[in-house]
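Coordinate inspection notes
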Amino acid sequence: QVQLVESGGGLVQAGDSLRLSCAASKLTVMSYAMAWFRQAPGKERTFVAGIRWSISSYADSVKGRFTISKDSAKNTLFLQMNNLKPEDTAVYYCAAQPQTAVSSYDYWGQGTQVTVSS
């Protein structure tokens, strides 16, 4: 079955950078709309960044700091996170759905923890 496996999280200081990866199996990342979401303790899961038909979109809180990208050779989705802030602390999830889908995402990873200290 489809698997999405995130990695790259960790504990960093404010101002540092991290790159999250989401390796896909049984799914071709270039053929799907994909996104990153995050969930902070006690809060709902929220959209961070997405890419559909090569068009990227970002939550206002991360614009200019985060960049979403795909690598077809590695069949992997990335999230480059620069100038991290304590409020970026959360579990980050990748998700995928068909490019033409308008409903909720079909496939989810297990998440990777990002902790940013001040």
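1. What to know about the overall build of the protein
On a plain count of helices and strands, the protein comes out with 0 helices and 11 strands. The secondary structure elements of the protein, listed N-terminal to C-terminal, are β-β-β-β-β-β-β-β-β-β-β. Taking 13 Å as the expected radius of gyration for a compact globule of 118 residues, we find that the protein reaches 13 Å, a close match to that expectation. Reported as C-alpha extents along the three principal axes, the dimensions of the protein are approximately 40 × 25 × 25 Å.

2. Let's talk about the state of the cysteines
The tally for this structure, following the rule as stated, stands at 1 disulfide. C22 shares a disulfide with C94; S-S distance 2.0 Å. Between C22 and C94, the S-S dihedral sits near 55 degrees, and the bridge is therefore right-handed. Residue C22 is found in strand 3 (residues 18–25), and its partner C94 is found in strand 9 (residues 90–98); the two are separated by 72 residues along the sequence. Judged by its relative accessible area of 0%, C94 is buried.

About the criteria used
Residues numbered from 1 in each chain as written. Predicted model: local features only at pLDDT ≥ 70, side-chain atom pairs only at ≥ 80, totals over all residues. Heavy atoms only, no water. Helix = DSSP H or I, 4+ residues; strand = E, 2+ residues; numbered from the N terminus. Rg over C-alpha atoms; globule rule 2.2 N^0.38 Å. Disulfide = S-S within 2.5 Å. Buried < 20%, exposed > 50% of the residue type's maximum accessible area, 1.4 Å probe, protein only.

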